[in-house]
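# Analysis of the macromolecular model
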Amino acid sequence: MHISFLIHNAYGIGGTIRTTFNLAGTLAEHHDVEIVSVFRHRDEPVFAPSGSVRLRHLVDLRKDSPGYEGNDPEYERPATVFPSTEGRYKQYSALTDRRIADHLRSLDCDVVVGTRPGLNVHIAQQARRGIARVGQEHLTLSTHSAPLKLTLRTHYPRLDAVTTVTEADAETYRKLMRLPGVRVEAVPNSIPAPVVAPADSTGKWVVAAGRLAPAKRYDVLIKAFGKVVAERPDWRLRIYGGGAEKAKLRALIDKLGLYNHVFLMGPANPLDPEWVKGSIGAVTSSLESFGMTIVEAMRCGLPVVSTDCPHGPGEIIDNGVDGLLVPVGKTDAIAAGLLKLINDDELRRRMGRAALENSARFDPAEIAGRYERLFAELTGRGALRGSLHRTRGALLSGALRTKDAVRPALRRVRAA
């Protein structure tokens, strides 16, 4: 198959970029695969694609490049196809509308895969007939605003499939979105096996990693670790990542007198060498669309103490076997979970071995195989059936657009 991925910016850093490169590289072992980045802002991508994966861009934002397009008059005009309800809307423009449309209408492939809602809307409207259209959800439906959900409900009936990273989110899509004839499948992100030896459970370090953002609740982790230190001052915590919360978290560490026990390490790439220095992973998020750092830690042989937040941790961790699930926001419970593993060397080693074994189900070969089967079914369902589905999807999209436009007017009339 010829498979084409459409991504916001393949030259940046983020979970969607990383998992797209992982999936594309594995699929490229048996298929013709390309990644098309809407934007390019640096010469080389942070995550190098597999040698056989082609990478190209649609809009050049490198200011020192002779092809720089940030001063194009179209770049100053707002987008009309990329939905205004999408979080990245301000980065899109009339120029990106035109470039994406030209790309999709000229695309000669078997499957095109979008990696964020706004790009999925482009694909739903503009991909040529005969191409299987797949929209990936890398966050969750519940995190989208009500206006964006209406936008997706209008356009997603034209897709052939929507994939989510958890079964919980797939079920939400099936219940709340009207997508007759559209496959909704849960396919988790893939994490490759580390190139370093797994942790040996002797390092007295708890390791956490991710953006220093409010949803990660590192403030709760730091407070919980203060309780750990009161009982086991020989253990320490490293937090990897950058973000807006850094100063606030540094102040909290100083306030609690934990400056010799809790360390903000900044971003690290790759993370595997840092995971294996520790013996326990920690995740204290209030929400996780998947939980890539949980799998990363497990693939390095670490049991993870994680909050049982929506949606991912409960589908990754087998509670009491390869990690521990604790209530969201409860410092005492988080501290108790950490101390349970800290104070029992054999339990920690046993859970670490189970984490290493159980996390193999997220290997890129396993995940790529699931996508291969989905793509094969979509491309093999016949031209007539595919044409009927797209015609029905177009009609349903039009009907829903009209209904959603009329509804506010009716409310205003009734209010009057």
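Here the residue index of a chain counts from 1 through its sequence in written order. In keeping with the predicted nature of the model, local features appear solely for residues at pLDDT of at least 70, side-chain atom pairs appear and are counted solely at 80 or more, and the whole-chain, interface and lining totals rest on all residues. Hydrogens and water molecules were not included; the side-chain quantities draw on all heavy atoms of the structure.

## As for the overall build of the protein
To keep things clear, this is the line we draw: Runs of H or I in DSSP of at least four residues are treated as helices and runs of E of at least two as strands, each being numbered from the N terminus. This radius of gyration counts C-alpha atoms alone. The globule rule is 2.2 Å times how many residues there are, raised to the power 0.38. Relative accessibility under 20% of the residue-type maximum defines a buried residue, over 50% an exposed one, and the middle range a partly exposed one, all with a 1.4 Å probe and only protein chains included.
Along its length, the protein carries 14 helices and 13 strands. For 416 residues, the compact-globule estimate of 2.2 N^0.38 gives 22 Å, and the protein sits close to it at 23 Å. Taken along the three principal axes of its C-alpha coordinates, the protein extends 65 × 60 × 45 Å. In the protein, which comprises 416 residues, the proportion classed as buried is 54%.

## Some thoughts on the packing of aromatic side chains
Note the threshold: Stacked, tilted and edge-to-face are the three classes applied to pairs of Phe, Tyr and Trp rings, where Trp contributes its six-membered ring and a pair requires centres within 6.5 Å; stacked means planes under 30 degrees apart, edge-to-face means over 60, and tilted covers the rest. Over a ring means this: the NZ of a Lys or the CZ of an Arg is within 6 Å of the ring centre and within 35 degrees of the ring normal.
By the definition in use, this model includes five aromatic pairs. Note on Phe39 and Tyr92: the rings are 5.2 Å apart at their centroids and 65° apart in plane angle, and the pair reads as edge-to-face. Taken together, the residues span a long stretch of sequence, with Phe39 in strand β2 (residues 32–40) and Tyr92 in the loop between β3 (54–60) and α2 (94–106) at a distance of 53 residues. According to the relative accessible area criterion, Phe39 is buried, its value standing at 3%. One cation-aromatic arrangement involves Arg238 over Trp205; the distance from NZ or CZ to the ring centre is 3.7 Å.

## Some details on helix α11 (residues 331–342)
Applied cut-off: The span you would expect from a helix comes to 1.5 Å times its residue count less one. In what follows, a contact means two residues having at least one pair of non-hydrogen atoms within 4.5 Å.
With twelve residues, α11 extends 16 Å from end C-alpha to end C-alpha; this agrees with the ideal 16 Å at 1.5 Å per step. Turning to α11, its buried residues are Ile334, Ala335, Gly337, Leu338, Leu339, Leu341 and Ile342. Considering only its buried residues, α11 is in contact with β8 (205–209), α6 (218–231), β11 (280–283), β12 (304–307), β13 (323–326) and α12 (345–358).

## Looking at the packing of α6 against helix α7 (residues 246–255)
As a reminder, the rule being used: All axes here are fitted lines through C-alpha atoms, helices being fitted over the stretch that makes contact, and every angle between N-to-C directions spans 0 to 180 degrees. Angles below 35 degrees are treated as roughly parallel, those above 145 as roughly antiparallel, those between 65 and 115 as roughly perpendicular, and all remaining angles as oblique. Whether a crossing is left-handed or right-handed is set by the direction in which the near helix is turned from the far one by less than a right angle, anticlockwise for left-handed and clockwise for right-handed. When residues are grouped by polarity, Ala, Val, Leu, Ile, Met, Phe, Trp, Tyr, Cys and Pro land in nonpolar, Asp, Glu, Lys and Arg in charged, and all others, Gly among them, in polar.
Two elements in contact, α6 and α7, have axes whose closest approach is 10 Å; the angle formed by their N-to-C orientations is 15°. Taken together, the axes of α6 and α7 lie roughly parallel to each other. When the axes of α6 and α7 are compared, the crossing they make is right-handed. Note on element contacts: α7 touches α6 through Leu249, Leu252 and Ile253, opposite Tyr218, Asp219, Ile222 and Lys223. Residue classes in the contact of α6 with α7 are distributed as five nonpolar, no polar and two charged.

## Considerations on helix α9 (residues 292–299)
Spacing of three or four residues puts side chains on the same side of an α-helix, whose turn is 3.6 residues. Burial of α9 is extensive: eight of the eight residues sit out of reach of the surface. Among all positions of α9, only Met292, Thr293, Ile294, Val295, Glu296, Ala297, Met298 and Arg299 are buried. The first or second residue beyond α9 is Gly301, which carries a positive phi of 90°.

## Overview of the nonpolar core
To be explicit about the condition: Working definition of a nonpolar core: buried Ala, Val, Leu, Ile, Met, Phe, Trp, Tyr and Cys residues. They are joined through side-chain atoms within 4.5 Å.
Within the largest apolar cluster, 34 residues are counted, with the highest numbers of intra-cluster contacts made by Leu6, Tyr92, Ile100, Val112, Tyr173 and Leu179. Counting only elements with at least two residues in this core, the list comes to β2, β3, α2, α3 (117–126), α4 (146–155), α5 (167–176) and β7 (183–186). Looking at this core element by element, the count peaks at four residues for α3. Beyond its immediate chain neighbours, meaning those up to four positions away, Tyr92 contacts His8, Val38, Phe39, Ala79, Phe82, Ile100, Arg116 and Leu119. Ranked by size, the runner-up nonpolar core spans 33 residues in total, among them Val206, Val228, Leu258 and Ile334.

## Points about unusual backbone geometry
Residues other than glycine predominantly adopt negative phi, and peptide bonds predominantly adopt the trans conformation. With an omega of 5°, the peptide bond between Asn269 and Pro270 qualifies as cis. Residue His311 is reached from Pro310 by a cis peptide bond, and omega for that bond is 5°. Relative to the assigned elements, His311 resides in the loop between β12 and α10 (313–316). Positive phi outside glycine occurs at Ser201, with the angle close to 70°. Tracing the backbone shows Ser201 in the loop between β7 and β8.

## Some remarks on the pattern of salt bridges
The criterion, for reference: Just to be clear on terms, a salt bridge is a Lys or Arg side-chain nitrogen sitting within 4 Å of an Asp or Glu carboxyl oxygen.
Here the structure, examined in full by the defined rule, presents 25 salt bridges. Here Glu34 and Arg56 are joined by a salt bridge, their closest N and O atoms 3.1 Å apart. Here Glu34 is found in strand β2, whereas its partner Arg56 is found in strand β3, with 22 residues between them in sequence. A relative accessible area of 3% places Glu34 in the buried class. The exposure class of Arg56 is partly exposed, given its relative accessible area of 36%. Of the charged contacts in the structure, one is a salt bridge between Asp234 and Arg232, with a shortest N-O distance of 2.9 Å. Counted as one network, the salt bridges with shared partners bring together Asp32, Glu34, Arg54 and Arg56.

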